[in-house]
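# Summary of the model geometry
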Amino acid sequence: MFLPFSRYLAFALLSIHETVCTELGTSPFNLRPFSINLSSGVRTMLNKIKTTELPHFPEYPGVGSSFGIDLNTLKSLRKEWLTSFDWGKEQDSMNQFNHFEATIEDLTIHFIHEKSSDPDAIPLLLLHGWPGSFLEFLPVIDQLVQTATTSLGKSISFDVIVPSLPGFVFSSPPPANWTVHDTARVFNTLMTDVLGYSTFAVHGTDFGVGPGYALYDEFNKTTRAAHFVFLPFYPLKPDALQALNITLSPLEKFEEQEFIQWDSSGSGYFLEQSTKPNTLGLALYDTPVGQLAWIGEKFISWSDPHAGTGGSVLDSNEILRSVSLYYLTRSFISSLYIYAQNPHGFATEYTKAHTNAPMLFSAFKYNVAFWPPALAEKVGNLVLYRNHESGGHFPGLENPSALIEDLREIGTYWTT
Ligand SMILES: *[C@@H]1O[C@H](CO)[C@@H](O)[C@H](O)[C@H]1NC(C)=O
Ligand SMILES: *[C@@H]1O[C@H](CO)[C@@H](O)[C@H](O)[C@H]1NC(C)=O
Ligand SMILES: *[C@@H]1O[C@H](CO)[C@@H](O)[C@H](O)[C@H]1NC(C)=O
Ligand SMILES: *[C@@H]1O[C@H](CO)[C@@H](O)[C@H](O)[C@H]1NC(C)=O
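By the naming in an unreviewed UniProt entry, the chain goes by Epoxide hydrolase N-terminal domain-containing protein and is assigned to Coleophoma cylindrospora.

Set out below in structure tokens:
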């Protein structure tokens, strides 16, 4: 029988992905392949970038970036956006991965799913933060899927799942009363009922540790290992560390200082996004250059000063494609809401997770918050703690090889 073209296409896609998801098409979650195409908005975006007026000279020359993004930095990024940035090329590179959508609890959940050829591969859920997206993990996916060895010589590979948090890029905005605990429940459904895994490991960074730690703590039958580079607990100031007799190495002292700096002069965004996300969101909704100033400042100030060189792919192009993705998907406002929806997202009281599953932690020198091993072990079954001299708040982009190596250690402790 002759199939109409669209039916034929759906059929062809179905067979391509047959091995990836056998339930495709018949799933109550309407699991479907997804491909990024935001091309229709690019011309308008570039036009807005071009017509946005910026001051000719800084109002207060010589202050550098100490009072926020430097005008010259913003101008140079804008110039690159207009002259050499190529959305089509970025979109093609994002589409090299297998993207899907599923409908869970009335939300569209977008995710990348890359399977290992090893039947014993560990399912690994990678959770991004703000102002991140699934882009934070693109440099680590291919290698995690390959079979490698842990430090003890155990064979290890992963099936990698990278969802967009609700309200971020292609995942639909959740209701106003939504919290990271709800996201954890939805992602648990994604891993088990939608994708068919009975157990899995989770990794989280930044606000991704909200749902990441909730999975570890509240879904202890399915979440059988966790690796974090951030924790949903407010770090301690030096006097509080001292009161606990926690002493720091020179590297740890540096990292503690990075936290103090974030806490004293770098956390204004946190308060604004937690309290008035609408004002900020609407103010910058239709201005890509505005979103670039707000988001770009974070990528720059939260990363290793060597970002974009050596093993780091966090260069200006990465910032521009991240901001373009937020802008073109119209998700800037809903991304901000995660702060307002989770007023206790970073707890001040340290409590232990209800699980015996192993927890691994990696610190990166230029991250904006710091937890020494003695604090990390208060909140979970800490089995491995590593500290890295290079990288900052975006390890997947800044030091992908260290993140890959540390994630592979999940294999050392994986028992289920
Ligand atoms: C993307 O969408 C545009 C219309 O907005 C269409 O012209 C183009 O062919 C699409 N590209 C792909 C690769 O599907
Ligand atoms: C959250 O809001 C939705 C409507 O958007 C409502 O159906 C649901 O009951 C609310 N949940 C709670 C816990 O209040
Ligand atoms: C810290 O060390 C001092 C001196 O050894 C001791 O008196 C105090 O109880 C310790 N405090 C904690 C919280 O362990
Ligand atoms: C999971 O959590 C429940 C509730 O706190 C607890 O009773 C149970 O022992 C935990 N299971 C594991 C395997 O840690």
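## Some points on the side chain of D182
Relative to the helices and strands, D182 resides in helix α6 (residues 180-194). Within polar-contact distance, the side chain of D182 engages the backbone nitrogen of T179 at 2.9 Å.

## Observations regarding helix α4 (residues 87-94)
When α4 is considered as a whole, its buried residues turn out to be W87, E90, Q91 and M94. Buried residues of α4 fall within an arc of 100° about the axis and therefore sit on the same side. Contacts made by the buried residues of α4 are with α2 (42-51), β2 (99-104), α5 (138-145) and α13 (316-328). Where α4 begins, the side chain of D86 points an oxygen toward the backbone nitrogen of G88, at a separation of 3.0 Å.

## Observations regarding the site of ligand 4
In the vicinity of ligand 4, the contacting residues are N220, R224, H354, T355 and N356. Looking at side-chain class alone, the shell around ligand 4 contains no nonpolar, 4 polar and 1 charged residues.

## Let's talk about the sheet that holds strand β3 (residues 107-114)
Pairing is mixed across the open sheet formed by 9 strands, whose spatial order is β1-β2-β3-β7-β4-β8-β9-β10-β11. Each end of this open sheet is capped by a strand with a single partner; those strands are β1 (32-34) and β11 (381-388). Along the sheet, successive strands turn relative to each other by an average axial angle of 25°, direction set aside. The pairing of strand β4 (residues 122-127) with strand β7 (residues 158-163) spans 4 bridges and is parallel. Residue pairing for β7: I122 is matched across the bridge by F158.

## Here we look at helix α17 (residues 400-408)
Across the 9 residues that make up α17, a large majority, 7, are buried. Regarding α17, the residues found buried are P400, A402, L403, I404, D406, L407 and R408.

## Structural notes on the environment of H99
Counting through the fold element by element, H99 comes out in strand β2. Put simply, H99 and I36 are 63 residues apart on the chain and 8.3 Å apart in space, counted from C-alpha to C-alpha. A distance of 2.8 Å separates a polar atom in the side chain of H99 from the backbone oxygen of M94.

What counts, and where the lines are drawn
- Residues numbered from 1 in each chain as written.
- Chains lettered and ligands numbered in written order.
- Predicted model: local features only at pLDDT ≥ 70, side-chain atom pairs only at ≥ 80, totals over all residues.
- Heavy atoms only, no water.
- Helix = DSSP H or I, 4+ residues; strand = E, 2+ residues; numbered from the N terminus.
- Polar contact = N/O pair within 3.5 Å; in protein donor to acceptor, adjacent residues only side chain to side chain.
- Buried < 20%, exposed > 50% of the residue type's maximum accessible area, 1.4 Å probe, protein only.
- Arc of directions from axis to C-beta.
- Contact = heavy atoms within 4.5 Å.
- Near = heavy atom within 4 Å.
- Nonpolar A, V, L, I, M, F, W, Y, C, P; charged D, E, K, R; others polar.
- Pairing = 2+ DSSP bridges.
- Axes fitted to C-alpha atoms, helices over the stretch in contact; angles between N-to-C directions.

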